[in-house]
Amino acid sequence: MERKKTKSRREFISSSARFGMVLALGGIGGLAFRKSTADQWVWQIDPFKCSWCGRCATHCVLNPSAVKCVHAYELCGYCDLCGGYLIPGHSDRSTAAENQLCPTAAIERKFIEEPYYEYKINESLCIGCAKCAEGCSAFGNGSLHLQIMHHLCVNCNECAIARVCPSDAIKRVKGSDPYLMKGDFTAGDGET
Ligand code: SF4
Ligand code: SF4
Ligand code: SF4
């Protein structure tokens, strides 16, 4: 019985993860480049090098920045106590504004099944400040991370953020494969 319940939960999370990823990839893969083409080189963040300094929000030539948070659902622990969502010293684990780490309330928290919660990024509200990515990496699995979104980026000759990035995390990648998202989101069935 317990196994059935566990499997059911895993199936739910797995299907939710795939659905989330379909949305994410649909939102990314389905988007046309603004200025670049698949033949060109474009700028992208290596999420394993990013040190969440905050300059992605303040140094892009665009305002708001072309850098947004993305979520690798396959890596997420669906934690109730989410270091990417809850501000340190939060009064309770709720969606109240004062408990949220994100300065623009761009992260949506949804209850799935005790004790699991799902976190989705509202790209239109995200300013790329990296606070959630830092919190997630400090206390969780690091599933929240930053990427340059190519339907927004104007592909500057020299990326203004790359010039000031203290971690040398921004590099040129092929336009045909323009994202460096964490993990393989389509492999596996969520079973462990
Ligand atoms: S400037 Fe570099 S280290 Fe800072 S948030 Fe952006 S990618 Fe990360
Ligand atoms: S904390 Fe910053 S990077 Fe994360 S979702 Fe909010 S605005 Fe975007
Ligand atoms: S290339 Fe230009 S528009 Fe794109 S992220 Fe860098 S500064 Fe922003």
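What you see is a predicted model; the values in this text were computed from it and never measured.

Student: I keep staring at the pairing of strand 5 (residues 144-148) and nothing clicks. Help me out?
Tutor: Remark: a regular strand shows side chains that alternate across the two faces of the sheet. By the criterion of burial, strand 5 is predominantly enclosed, with 5 of the 5 residues buried. Side-chain alternation along strand 5 places Leu144, Leu146 and Ile148 on one buried face and His145 and Gln147 on a second face that is also buried. Pairing geometry for strand 2 (residues 67-71) and strand 5, over 5 bridges, is antiparallel. Of the residues in strand 5, the one forming a bridge with histidine 71 is leucine 144.

Student: Explain the environment of aspartate 80 to me, please; I cannot follow it from the model alone.
Tutor: Here aspartate 80 lies in the loop between strand 2 and strand 3 (107-113). What makes aspartate 80 buried here is its relative accessible area of 18%. Expressed as a C-alpha distance, the spacing of aspartate 80 and glutamate 118, which sit 38 residues apart in the sequence, is 8.7 Å. Reaching out from aspartate 80, the side chain makes a polar contact with the side chain of arginine 109 at a distance of 2.8 Å.

Student: When you look at helix 3 (residues 131-139) in this model, what are you seeing that I'm missing?
Tutor: Three or four residues apart is the spacing at which side chains of an α-helix point the same way, because the helix has 3.6 residues per turn. Where helix 3 is concerned, the buried positions are Cys132, Ala133, Gly135 and Cys136. Taken around the axis of helix 3, the buried residues stretch over an arc of 165°, which confines them to a single face. Structurally, helix 3 contributes buried residues whose contacts are with strand 2, strand 3 and strand 5.

Criteria and thresholds
Residues numbered from 1 in each chain as written. Chains lettered and ligands numbered in written order. Predicted model: local features only at pLDDT ≥ 70, side-chain atom pairs only at ≥ 80, totals over all residues. Heavy atoms only, no water. Buried < 20%, exposed > 50% of the residue type's maximum accessible area, 1.4 Å probe, protein only. Helix = DSSP H or I, 4+ residues; strand = E, 2+ residues; numbered from the N terminus. Pairing = 2+ DSSP bridges. Polar contact = N/O pair within 3.5 Å; in protein donor to acceptor, adjacent residues only side chain to side chain. Arc of directions from axis to C-beta. Contact = heavy atoms within 4.5 Å.

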